Amino acid sequence: MKAPAAETPENIDIVALRERYARERDRRLRPDGARQYHRAAGTFGYYAKDPYTPRVEREPKSDRVEVLVIGAGFGGLLTSARLRDAGIDSVRLMDEAGDMGGTWYWNRYPGVRCDIESYVYMPLLEETGAMPTERYAGGEEIRRHAIRIAEHYDLYRDTLFQTRATALTWDEDLHEWHVETDRGDDFRARYVVTSSGTLTQPKLPGIAGIENFRGHTFHTSRWDYSYTGGSGDGVLDGLADKRVAVVGTGATGLQVVPEVAKYAKELIVFQRTPSTVDVRDNGPTDSDWVASLRPGWQRERMENFLAVLAGEPVEESLVTDGWTATTGLQRHILSGSQGDSDDHDELQDELDDAITMSRLRARVDEIVEDPATAAALRPWYRYMCKRPGFSDLYLQAFNLPNVSLVDTADSHGISAMTEHAVVVGDDAYEVDCVIFATGFEAGVSGVVSGTLPVIGRGGLSLLEAWGRGPRTLHGFSTHGFPNLFQLGAIQNANSVNFAHILQEQAEHISATIGRADAENARWVEPTPEAEAAWVQTVIETARDVSAFQAECTPGYYNAEGSQAITGFTYSPGPVAFHRLLREWRAGDMRDVLVRDEHDERIREDSFVSATA
Ligand code: NDP
């Protein structure tokens, strides 16, 4: 099929394009917004069960550790590694999973792969003597790297797997946390660090009759290889005689569809909103390039990538790919100096955006042979309305004779499920298996959702303390909750390379704990003044992205079209934030270290008045 003529700023009809985008948004908006999904819990708990590791019985713990780190993904691993570097030996990791890796433990679907360059995504490459085999490494390689980090820093020694913390309670006499878990543990920890992820809890579409389906079904983050065959090696021979439905075409759908397409007798992809699918251009790691690297290369490359994405000046962009090519378009959603909108011409931004989206629609037409399928796969929204996708396999899969696409936009997604079929409008599609690539609840850690109650000084819960919104110093700690640190994006930095963000957070937390120990501090807790000042800084510097998000098709970036996600992270961006943290660490840390009775009184008196 012939691609439409490339659009240039001169021939774009921006008014017509805006109208088209608005129509596409409107036909997807649902009154139930973010409430449309089911949690993979209760009746749907089956979808969250671990298919990878059989349950191992063990004796409950009733001991004491110096630091408990909740979450054994990259955030928890990096924090534990840095704590070990700081000379703290007693570090216990805890995770609901059966092994290390977090995201990469759970997401083992065929085709899973990092969509950020692995040389900047996979942490501690130089420290552990590792080098990814490909520019965008496969998930199993990344999972094994997580294991390598744990082994390198001897972190398996005291880890509690298959364990969920059920309560954290501050003991005001002992100045320690009292930790309870779903395995009957009841132990103490001087410090607690939570790193329980931002996209972890699988979600299912609220489809009428979903529970009636009698065929096989699972979520991509709990891949059932016993049904599909294969073990992550991609040979899904169990699907050879199966009619398979994949629901969802986000970053996961893009990776999983080409693999299922290779093996299923029939694959029907149920799409609500098409992703953008740009060139991936993956390839093996170049050994000459590896030989040319000097010590310190990884940090330099990570900093460079972060700076380029945040719009900070660099002499040369070391990573050149689909992310660095579109940094200007990312300013509407990602934080960074590029967000100082005074310097930008909004109309020019819109035209640049339109040219990129036009190129991506033309790419669909170049690759997909069937015109009706190509039309449905064309994305009509501004570039950062959804997480950008990259693949050299996804669009091509729709040219296979066993693969078809069902567009569900007009019915706001799948209409219903029956015992044997997926229903869209008046059409029922009989299938043997339904695979949900429908994503995760965004930003829902146990601490935020309340499934992990955190009780601080005076019996106050963290959620009560955050009743009118999160209150932290730098996103890490909260007044009234001594010796507790959180990793994550809230009032902290954000980037598509979240592994880098986690690395900075890990270094910050370990440096703070290290200093507290070196100075014999009684505990670590921000003063209310420092906390209030930070909350105010985040609010005052917040960039208002509500106008941009209101025009977007619904998705988790805009809470399904129901609200703008504004003021959640530090808008001036990760580079500015990391600079700020470094300067803060070079100071005396008086606003968090409780060194003597005077400091102690400041915390306790102000807590009484703040909570009265
Ligand atoms: P997403 O939330 O991005 O996608 C969910 C998909 O399910 C969307 O296509 C959505 O459609 C569709 N959907 C939801 N409800 C229905 C319904 N009722 N009927 C039909 N379709 C429906 O989840 P992903 O797992 O794809 O990605 C989540 C995030 O995980 C990514 O944004 C990324 O941050 C991360 N990720 C990262 C990867 C990496 O390589 N680093 C790889 C994979 C994921 P609609 O768009 O219309 O809502």
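Because the structure is a prediction, the values reported are computed rather than measured.

Participant: Explain the environment of Thr43 to me, and be specific about the residues and the numbers.
Facilitator: Along the chain, the position of Thr43 falls in the loop between β1 (37–39) and β2 (64–70). Between the C-alpha atoms of Thr43 and Glu211, which are 168 residues apart in sequence, the distance is 8.3 Å.

Participant: Please give an account of the packing of aromatic side chains that cites residues and values.
Facilitator: Applying the stated criterion across every chain yields a total of 20 aromatic pairs. Ring centres 6.5 Å apart and planes at 40 degrees place the aromatic pair Phe44 and Tyr47 in the tilted group. In terms of burial, Phe44 and Tyr47 fall into one category: buried. A centroid spacing of 5.2 Å and a plane angle of 85 degrees characterise the contact between Tyr394 and Phe398, whose relative ring orientation is edge-to-face. The same class applies to Tyr394 and to Phe398, which are both buried. Here a set of aromatic residues connected by ring pairs shows up, and it is made of Phe44, Tyr46, Tyr47 and Phe436.

Participant: Describe the packing of helix α1 (residues 14–26) against helix α12 (residues 346–367), and please don't skip the residues or the numbers.
Facilitator: Two elements in contact, α1 and α12, have axes separated by 11 Å at closest approach and are oriented at 65 degrees. The angle between α1 and α12 falls in the class roughly perpendicular. The two elements α1 and α12 cross, and the hand of that crossing is left-handed. Contacts between α1 and α12 involve Ile14, Leu17, Arg18 and Tyr21 from the first element and Leu347, Glu350, Leu351, Ala354, Met357 and Arg361 from the second.

Participant: So what about the pairing of strand β17 (residues 433–436)? Which residues, and what values?
Facilitator: Burial along β17 is two-sided: the residues Cys433 and Ile435 and Val434 and Phe436 are all buried. Sheet analysis places strand β9 (residues 243–247) next to β17, joined by 4 bridges and oriented parallel. Bridge pairing in β17 links Ala245 to Val434.

Participant: Describe the domain arrangement of the protein, and please don't skip the residues or the numbers.
Facilitator: Domain annotation for the protein reports domain 1 (9–42 + 205–280 + 343–436) and domain 2 (64–200 + 442–533 + 573–611). Listed per partner, the contact involves 14 residues of domain 1 and 15 residues of domain 2. Taking both sides of the interface into account, the surface hidden between domain 1 and domain 2 amounts to around 1300 Å²; carbon and sulfur atoms contribute 49%. Here Asp115 ties to Arg387 by a salt bridge, and the two come within 2.7 Å at their closest N and O atoms.

Participant: Go over the pattern of salt bridges with me, naming the residues and quoting the values.
Facilitator: Scanning all chains against the criterion turns up 46 salt bridges. Between Asp517 and Arg190 there is a salt bridge, and its shortest N-O distance comes to 3.3 Å. One end of the pair, Asp517, is in helix α17 (residues 498–518); the other, Arg190, is in strand β6 (residues 186–194), with 327 residues separating them in the sequence. Several salt bridges share partner residues, and in doing so they unite Arg20, Glu24, Arg27, Arg28 and Asp410 into one network.

Participant: Describe the sheet that holds β17, listing the residues and the values that go with them.
Facilitator: Strand order in the open sheet formed by 5 strands is β8-β17-β9-β10-β13, and the pairing between neighbours is parallel. In this open sheet, the two strands that pair with only one neighbour each are β8 (216–219) and β13 (403–407). For this sheet, the mean inter-axis angle between neighbouring strands, taken without regard to orientation, is 20 degrees. Of the strand pairs in this sheet, β9 and strand β10 (residues 266–271) are connected by 5 bridges, and their pairing is parallel. Residue pairing in the sheet places Val246 in a bridge with Val269 of β10. Sitting on the sheet, helix α8 (residues 251–263) is in contact with β9, β10, β13 and β17, with an inclination near 160 degrees to β10.

Participant: If you had to explain the state of the cysteines to someone new, which residues and values would you point to?
Facilitator: On inspection of all chains with the given rule, the structure shows 1 disulfide. In this model, Cys385 is linked to Cys552 through a disulfide, with the two sulfur atoms separated by 2.0 Å. Every disulfide takes its handedness from the sign of the S-S torsion; for Cys385 and Cys552 that torsion is -75 degrees, giving left-handed. In this pair, Cys385 sits in the loop between α13 (371–377) and β12 (389–390) while Cys552 sits in the loop between α19 (546–550) and α20 (574–586), placing the two residues 167 residues apart along the sequence. For Cys552, a relative accessible area of 3% corresponds to the buried category.

Participant: Quick rundown of the sheet that holds β1? Include the residues and the values.
Facilitator: Reading across from one edge, β1-β7-β18 is the order of the 3 strands in this open sheet, with antiparallel pairing throughout. Because the sheet does not close on itself, it has two edges, and the strands there are β1 and β18 (440–442). Mean inter-strand twist for the sheet, computed between neighbouring axes without regard to direction, equals 60 degrees. Here β1 runs beside strand β7 (residues 199–205); their pairing, made up of 3 bridges, is antiparallel. Bridge assignment links His38 to a residue of β7, and that residue is Leu204.

Participant: Please give an account of the side chain of His578 that cites residues and values.
Facilitator: Counting through the fold element by element, His578 comes out in helix α20. Dropping the residues within four chain positions of it, His578 is found in contact with Leu306, Ala493, Ile501 and Glu504.

Participant: Report on the site of the ligand, specifying residues and quantitative values.
Facilitator: Every one of the 25 residues lining the ligand counts as a neighbour, but Arg113, Thr252, Thr273, Lys386 and Tyr556 are closest to it. Between the ligand and Thr252 there is a distance of 2.6 Å, counted from an oxygen atom to a side-chain nitrogen or oxygen. Take Lys386: an N or O atom from its side chain is 2.6 Å from an oxygen atom of the ligand. Relative to its unbound accessible area of 910 Å², the ligand is 90% covered by the protein chains. Looking at the shell around the ligand, the elements that each hand over two or more residues are β7 and α8. No other element matches the 3 residues that α8 contributes to the shell around the ligand.

Participant: Break down the side chain of Thr220 for me, with residues and values.
Facilitator: Within the secondary structure, Thr220 is located in the loop between β8 and α7 (225–228). Here Thr220 falls in the buried class, since its relative accessible area comes to 1%. In contact with Thr220, not counting residues within four places along its chain, are Tyr109, Thr252, Val256, Ile435, Phe436 and Ala437.

What counts, and where the lines are drawn
- Residues numbered from 1 in each chain as written.
- Predicted model: local features only at pLDDT ≥ 70, side-chain atom pairs only at ≥ 80, totals over all residues.
- Heavy atoms only, no water.
- Helix = DSSP H or I, 4+ residues; strand = E, 2+ residues; numbered from the N terminus.
- Phe/Tyr/Trp six-rings, centres within 6.5 Å; stacked < 30°, edge-to-face > 60°.
- Buried < 20%, exposed > 50% of the residue type's maximum accessible area, 1.4 Å probe, protein only.
- Axes fitted to C-alpha atoms, helices over the stretch in contact; angles between N-to-C directions.
- Parallel < 35°, antiparallel > 145°, perpendicular 65-115°, else oblique.
- Left-handed = near helix turned anticlockwise from the far one by under 90°.
- Contact = heavy atoms within 4.5 Å.
- Pairing = 2+ DSSP bridges.
- Domains from an automatic or database assignment.
- Buried area = accessible area lost by both parts, 1.4 Å probe.
- Salt bridge = Lys/Arg side-chain N within 4 Å of Asp/Glu carboxyl O.
- Disulfide = S-S within 2.5 Å.
- Near = heavy atom within 4 Å.
- Polar contact = N/O pair within 3.5 Å; in protein donor to acceptor, adjacent residues only side chain to side chain.
- Areas by Shrake-Rupley, 256 points an atom, 1.4 Å probe, with all protein chains shown as cover.

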